[in-house]
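This is what each chain is made of:
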There are 2 protein chains.
Amino acid sequence: MRLLNDTLEKIKGPDYSLAQEAQSKLDSLTKPQGSLGRLEEIAKQVVIITGNLRPQLKNKAIFTMAADHGVVAEGVSAYPQEVTPQMVYNFVKGGAAINVVARHVGSRVVVIDMGVGVDLEKHPELTIKKIGYGTKNMAQGPAMTKEEAIASIEAGIEIFEAEYNKGIDIIGIGDMGIGNSTPSAAIASVFTGRPVEDIAGRGTGVDDAGLARKIAVIKKAIQINTPLANDGLDVLSKVGGFEIGGLTGVILAAATRKIPVVIDGFISTAATLIAFTLKSEVKEYMIAAHCSQEKGHGLMLAHMGLRPLLDLDMRLGEGTGAALGMGIIEASIKILTEMATFQSAGVSERNKEQNFKS
Amino acid sequence: MRLLNDTLEKIKGPDYSLAQEAQSKLDSLTKPQGSLGRLEEIAKQVVIITGNLRPQLKNKAIFTMAADHGVVAEGVSAYPQEVTPQMVYNFVKGGAAINVVARHVGSRVVVIDMGVGVDLEKHPELTIKKIGYGTKNMAQGPAMTKEEAIASIEAGIEIFEAEYNKGIDIIGIGDMGIGNSTPSAAIASVFTGRPVEDIAGRGTGVDDAGLARKIAVIKKAIQINTPLANDGLDVLSKVGGFEIGGLTGVILAAATRKIPVVIDGFISTAATLIAFTLKSEVKEYMIAAHCSQEKGHGLMLAHMGLRPLLDLDMRLGEGTGAALGMGIIEASIKILTEMATFQSAGVSERNKEQNFKS
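Residues numbered from 1 in each chain as written. Chains lettered and ligands numbered in written order. Predicted model: local features only at pLDDT ≥ 70, side-chain atom pairs only at ≥ 80, totals over all residues. Heavy atoms only, no water.

A. Layout of the domain arrangement of chain A. Residues and elements named next belong to chain A. Under the domain assignment used here, chain A contains domain 1 (2-54 + 337-345) and domain 2 (60-331). Each of domain 1 and domain 2 has a C-alpha centre, and the two are 27 Å apart. Facing the 20 residues of domain 1 at the interface are 25 residues of domain 2. The contact between domain 1 and domain 2 buries some 2,000 Å² in all, and 70% of this surface belongs to carbon and sulfur atoms. For the pair domain 1 and domain 2, the number of links is zero salt bridges. Linking domain 1 to domain 2 there are eight residue pairs in polar contact (both at pLDDT 80 or more). Put simply, the parts of the chain that give the side of domain 1 that touches domain 2 at least two residues each are helix H1 (2-10) and helix H3 (38-50). Examining the composition of the side of domain 1 that touches domain 2, we find that eight residues originate from one element, H3, more than from any other. (Domains from an automatic or database assignment. Contact = heavy atoms within 4.5 Å. Buried area = accessible area lost by both parts, 1.4 Å probe. Salt bridge = Lys/Arg side-chain N within 4 Å of Asp/Glu carboxyl O. Polar contact = N/O pair within 3.5 Å; in protein donor to acceptor, adjacent residues only side chain to side chain. Helix = DSSP H or I, 4+ residues; strand = E, 2+ residues; numbered from the N terminus.)

B. A look at the interface of chain A and chain B. Listed per partner, the contact involves 66 residues of chain A and 66 residues of chain B. Where chain A packs against chain B, one counts four salt bridges. A salt bridge links B:Arg103 to A:Glu338, with the shortest nitrogen-to-oxygen separation between them at 3.1 Å. Linking chain A to chain B there are 26 residue pairs in polar contact (both at pLDDT 80 or more). Contributions of two or more residues to the side of chain A that touches chain B are made by H3, helix H4 (83-93), helix H5 (97-105), helix H8 (208-225), helix H13 (320-338) and helix H14 (342-345) of chain A. The dominant element in the side of chain A that touches chain B, judged by the number of residues it contributes, is H13(A), at nine residues. Across the side of chain A that touches chain B, the residue classes tally to 28 nonpolar, 20 polar and 18 charged. (Nonpolar A, V, L, I, M, F, W, Y, C, P; charged D, E, K, R; others polar.)

C. Highlighting unusual backbone geometry. Positive phi, close to 60 degrees, is recorded for A:Asp313, a residue that is not glycine. The class of A:Asp313 is buried, set by a relative accessible area of 18%. (Buried < 20%, exposed > 50% of the residue type's maximum accessible area, 1.4 Å probe, protein only.)

D. Region of interest: helix H9 (residues 232-239) of chain A. All names here are of chain A. With eight of eight residues buried, H9 is to be regarded as a mostly interior element. Buried within H9 we find Gly232, Leu233, Asp234, Val235, Leu236, Ser237, Lys238 and Val239. Residues of H9 that are buried in the fold lie against H1, helix H6 (146-166), helix H7 (181-192), H8, helix H10 (242-256) and helix H11 (266-278). Here H9 starts with a cap whose side-chain oxygen sits 3.2 Å from the backbone nitrogen of leucine 233, and that cap is aspartate 231.

E. View of the pairing of strand E2 (residues 108-115) of chain A. All names here are of chain A. Counting buried residues along E2, seven of its eight residues qualify, which places the element largely inside the surrounding structure. By the bridge criterion, seven bridges tie strand E1 (residues 60-67) to E2 in an arrangement that is parallel. Bridged to isoleucine 62 within E2 is valine 109. Examined bridge by bridge, E2 and strand E3 (residues 126-128) share three bridges and lie parallel to one another. Note on E3: the bridge partner recorded for valine 111 is leucine 126. (Pairing = 2+ DSSP bridges.)

F. Local environment of the side chain of A:Ser348. Relative to the helices and strands, A:Ser348 resides in the segment after H14. Taking relative accessible area as the criterion, A:Ser348 reaches 15% and is therefore assigned buried. Among the polar contacts made by the side chain of A:Ser348, one reaches the side chain of B:Glu82 at a distance of 2.3 Å. Excluding its chain neighbours within four sequence positions, the residues that come into contact with A:Ser348 are A:Phe342, B:Tyr79, B:Pro80, B:Glu82, B:Val83 and B:Gln86.

G. Spotlight on the relation of the copies chain A and chain B. For the pair chain A and chain B, the relating rotation is 180 degrees, the translation along its axis is 0.0 Å, and the fit reaches an RMSD of 0.0 Å. Such a turn and shift between the copies fits a two-fold axis. Taking the C-alpha atom as reference, chain A places A:Leu310 closest to the rotation axis, 3.2 Å from it. Comparing interface residues between copies, 100% of those in chain A also lie at the interface in chain B; the contact surface is shared. (Least-squares fit on C-alpha atoms with pLDDT ≥ 70 in both.)

Here's what the structure looks like:
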């Protein structure tokens, strides 16, 4: 608990004093003011987050955390639970979608076993921080103890710090865990106050009967566990998951180091909601990469006032949307730092005499 | 006219016979079917366009074409006309937004003077194919002669072919020309049949009075020139521009070579509408990169049944949106060609016994 409390203590809102200077720089570049739209907004946000007018986004890392979920016993997923460890092996061998997209944008992938249901073979690309062999079935009681919830977050903090020491400019978060859209929907429903029906989606692809079952299971889990919407640890322990707790820790630690966090989809955003509830200032360090096709994701982002960059009907997770978003964010920073100014390029500015509005 | 006619003759719809094989490959990869959304659609489209199940998108080129417009005499732009040549120099020196974004995605930029109002200094990075020193004022008569319209398209065809011979896997199109959102809006209004008010936007940033003047000028140009909506050459010559004609030629030539064309914003899409009117099959070779903030762009894309990939409130042109889109498209092809399959990675497939729908 001490590491978590110390981390929460260290998180301060970013310093907005560079915002004006960043805007002036953007407005001096050879383009009509504001004509690069969200690229300009994002560049400014990265300046504010990092406190650096010329940020570099060379060292990138996606944290892809895996765990299993007791609630799969209720038949809420289209895939068998053995897929969780199989996909972890796929990640460390570089064959999964997140590996491909991360390579494309020049990011490393940090793969962590936060609580897969079986012991995994050792691999140099795999970090093992197992909190347990999957959560308990939240439809029958709390998914984990309060101590396990704290341990999962603190493990995430330690994992981030270890990578930070290797050098990191920007991070993305991602997930793997058969069944994990079920706890994520529960978390989202509790924090947003919206009915489960508005939040829960088909995950990896359940049919109508599967979706109805999933919604009933989530309602039951919320009913019997009564998670408290103003208490992130309570929600995490009662209806969360070990990978969700680990990602929460990564987000919190990144905020203490003023490192931009690129959020992925439904499950990553559930972790973001927990971090946001523990310390609302973390929101300032986050960039929502995309709007997932998974129902309710848009509501979760809106609850925190985050606007996604991309909308490509993706619903895979793993950090794939975050990695694609990183490519866009890096382009925005290159715009800020590499473009010529009106002065340096000898380009005339707007027609002053016409008094056009910007 | 012969080169143009030969080119139109050569354009055939793509071969859809590989669509099923591409889909099967996508469905064999270690992810729930369809979970990468539009990335999967785009990968399949590139397979269909290129006729190659393992396309490579290594050689990329953005064609950024510049020209001036007589209609600026009517006070339709927020910037003075001297900015057109100044920005061309900025392009060839690598300081403009398109240079930055193209470098980011690994694309070269081919800069062409299609009709800038002054003679430009020679530069190794500048191709000069000047059709004229800017168009005539379309509010007082045709912007160019029919011969000039043909010459501009044929110049675009030649420019594409020269680059094709150097090696090209995918291209983007972009523009530079003070005032060119005015002819583009005229073109869009003629082809879509929508009122000018629904199409014309603020371009580089005119104020309310400037926008009202711009709308009146476009209406007048359409009224006095009576361009024929079913005749691409007629529309180009009466209310077009030399860079718009050049881009039309690039699009047509790319379709003959089965090279995917990534469309940029408002002006590029005006060129696409002309190419589409000359030969509707070109649509199959095009990928709309983004929806510009410029009013009416969405209508233009919808008219051709094209759905943009990105929506980042951009309105700069130059090919900046096309270059960003290329990065996403390349990611989609790496997904197709680099990911492990369920079989190769030893990952279990869906729960068969539960008979889930896909």
